[in-house]
Structure formats: C-alpha cells, structure tokens
Amino acid sequence: MSKDANGSLQVMQNVADNLRRARLEQCYSQEVLASRAGISRRMLVNIEAGESNASIATVDKLASALGLSFIDVVRPPSLSDKARALPLRIWQGEQADSHASLLESLAMPGMTLELWRWQLAAGDSYLAESDAPGCQELLYVLAGQLQLQLPRQRQTHVLQAGQSLAFALDQPCSYHNLGAEPCTFTKSVLMVPHQDQ
C-alpha cells in the first residue's frame, strides 16, 4: 500500500492495528471475519500481523465486513477525528513518481464517497481488483495521458488531460501511463457495502 522513507509500510501497520481492534471489539474470530470478507484466514492473519501488503480492494472488503469505511481502517489508530487523517498516502508504486492519496471520504447511509489523487510515473501501471456490485468510479485526467483497460468489457480508453470517464468497479481494471511524463488524475469513487456478509 504505502511505503515511507525507510521502506516500511506505515499504512499496513495502521490497517493491522485497526482491523485487529475492530475485530476484537465486535467479538469476531479471524475465521469469521475472513469468511465475511471473502478472503482466506491465512491472509487475514498476515494482514493483522502487518506482514501482508494487502490490496486496496481487500482492505475495503475487510472494512465493509466490519461495518466500517475504508478511512476507518487505513488512518493512524491514534487519530479519532477522520478529517485530521486526510490526505493520506495509501499506495506507493516502485517508482517515486507513482503514488495515490485519499483526499477525502464522506460516509452516507449505505454508501461512501471517496476522492483520490493518483499519479503514475512514465511507463508505470496499476492493476485494480473488482469491487462490490454498485460501486462506481469517475476519473478525470489532470495531466498526461492515461490508458484504462476494462478487460471484461474488452474496452480500452485513452484519456488526455481534461477528459473524464465513468465506469462500474465490479470488474478488474488497469491504469497505464504510456507517455514519457507522469500522468496525474483524480478518482471519485462511490463505494457500497459488499453483500456477501
């Protein structure tokens, strides 16, 4: 998810601490929570130990299984006020110019709206897992050129600065910067709870 200057995964530790605390508060065993989230118990054990670099989609599934929002799970445990936790760098690619930050999160009955700022270095990519049916994304390219691939629909979209696209997140997708300069874009994501609980 996010590497700090020392190479440690600070957000991973936030996730580990917050998940363990919430799971124990709700009296769930690791087996029960893993089942509710649709992941393996072994994966949950590794996430809670801070030893697994869980995907954004996996963390979202775990948050949903606990009745929490994504920000509740990724923010530093010492912060009780969500607003003070943002913006928060959630993902760092292998290249320094590739990163993503959660800028804002608004919880509403039955849904959460998130605003993200992403940047992909020249030649870099990000592969996203599918989310729950009903989740939607609206992306807007600020600078550079972004190629978005939606394999299930067999569609490839190439967006230039100033262009936007809306699509369903109940499918895996991939973001690619095929240009020579960093590509910067925002994502407004409407999340709904996973129904497999």
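Residues numbered from 1 in each chain as written. Predicted model: local features only at pLDDT ≥ 70, side-chain atom pairs only at ≥ 80, totals over all residues. Heavy atoms only, no water.

This brings us to the pattern of salt bridges. Enumeration over the complete set of coordinates arrives at 5 salt bridges. The salt bridge involving arginine 23 is made with glutamate 48; its shortest N-O contact spans 2.7 Å. Separated by 25 residues along the polypeptide, arginine 23 in helix α1 (residues 10-25) and glutamate 48 in helix α3 (residues 41-48) bring together distant segments of the chain. Linking glutamate 137 and lysine 187 is a salt bridge whose minimum nitrogen-to-oxygen distance equals 3.5 Å. Taken together, the residues glutamate 137 in strand β5 (residues 136-143) and lysine 187 in strand β10 (residues 183-191) connect sequence positions 50 residues apart. You can call lysine 187 buried: its relative accessible area is 7%. (Salt bridge = Lys/Arg side-chain N within 4 Å of Asp/Glu carboxyl O. Helix = DSSP H or I, 4+ residues; strand = E, 2+ residues; numbered from the N terminus. Buried < 20%, exposed > 50% of the residue type's maximum accessible area, 1.4 Å probe, protein only.)

With antiparallel pairing, the 4 strands of this open sheet are ordered in space as β4-β9-β6-β7. Strand pairing shows two members of the sheet lacking a second neighbour, β4 (125-128) and β7 (155-160), which therefore form its edges. Averaged over all pairs of adjacent strands, the angle between their axes in this sheet comes to 15°, without regard to strand direction. The pairing of strand β6 (residues 145-150) with β7 spans 6 bridges and is classified as antiparallel. Across the sheet, residue leucine 146 finds its bridge partner in β7, namely leucine 159. (Pairing = 2+ DSSP bridges. Axes fitted to C-alpha atoms, helices over the stretch in contact; angles between N-to-C directions.)

Another point: the confidence of the model for the protein chain. Low-pLDDT portions of the prediction should not be read for the details of their coordinates. Taken as a whole, the protein chain shows an average pLDDT of 89; of its residues, 90% reach a score of 70 or greater. Confidence, expressed as mean pLDDT per element, reaches its minimum in the protein chain at helix α6 (residues 82-85) with 60 and its maximum at β5 with 98. Confidence over residues 3-8 falls short of pLDDT 50; this stretch has 5 contacts with residues more than four positions distant or in other chains. (pLDDT = per-residue confidence, 0-100. Contact = heavy atoms within 4.5 Å.)

Right, let's talk about the environment of alanine 16 for a bit. Looking at the secondary structure, you find alanine 16 in helix α1. In this structure, the C-alpha to C-alpha distance between alanine 16 and leucine 178, residues 162 residues apart in sequence, is 35 Å. The contacts of alanine 16, once residues within four sequence positions are left out, are Ile47, Glu48 and Gly50.

Side-chain direction in a regular strand flips from residue to residue, so the side chains alternate between the two faces of the sheet. Burial of the side chains of strand β8 (residues 164-168) is restricted to one face: Leu165 and Phe167 are buried, whereas none of Ser164, Ala166 and Ala168 on the reverse face is. Alignment of β5 against β8, held across 5 bridges, turns out to be antiparallel. The residue of β8 that forms the bridge with glutamine 136 is alanine 168.

This brings us to the sheet that holds β5. Note on sheets: strands pair through backbone hydrogen bonds, and any given pair is parallel or antiparallel. Taken in spatial order, the 6 strands make up an open sheet running β1-β2-β3-β10-β5-β8, and their pairing is antiparallel. The sheet is open, and its two edges are formed by β1 (88-92) and β8, each paired on a single side. Strand-to-strand, the axes of this sheet are offset by a mean angle of 25°, without reference to chain direction. For strand β2 (residues 99-108) and strand β3 (residues 111-120), the ladder comprises 9 bridges, and the chain directions are antiparallel. Following the sheet pairing, histidine 99 is matched in β3 by glutamine 119.

Along the chain, glutamine 153 turns up in the loop between β6 and β7. Sequence-wise, glutamine 153 and glutamine 171 are 18 residues apart; in three dimensions their C-alpha atoms are separated by 8.9 Å.

Turning our eyes to something else, we now look at the packing of α1 against α3. Look at α1 against α3: their axes get within 8 Å of each other, and the N-to-C directions meet at 115°. Here Val15, Ala16, Leu19, Arg20 and Arg23 of α1 lie close against α3, whose contacting residues are Leu44, Ile47 and Glu48.

This part takes up the nonpolar core. Formed by 51 residues in total, the largest nonpolar core has its most connected members in Val74, Trp116, Phe167 and Tyr175. Looking at this core, the element that brings in the most residues is helix α4 (residues 56-65), giving 5 residues. Apart from residues lying up to four places away in sequence, phenylalanine 167 is in contact with Gln136, Glu137, Leu139, Leu148, Leu150, Cys173 and Tyr175. (Core = buried A, V, L, I, M, F, W, Y, C linked by side-chain atoms within 4.5 Å.)

This paragraph deals with α3. Structural remark: α-helix, 3.6 residues per turn; residues separated by three or four positions point the same way. Among all positions in α3, only Leu44, Ile47 and Glu48 are buried. Seen from one end, α3 has its buried residues packed into an arc of 95°, which puts them on one side. Where α3 is buried, its residues contact α1, α2 (30-37) and α4. Remark: glycine 50 follows α3 within two positions and exhibits a positive phi of approximately 75°. (Arc of directions from axis to C-beta.)

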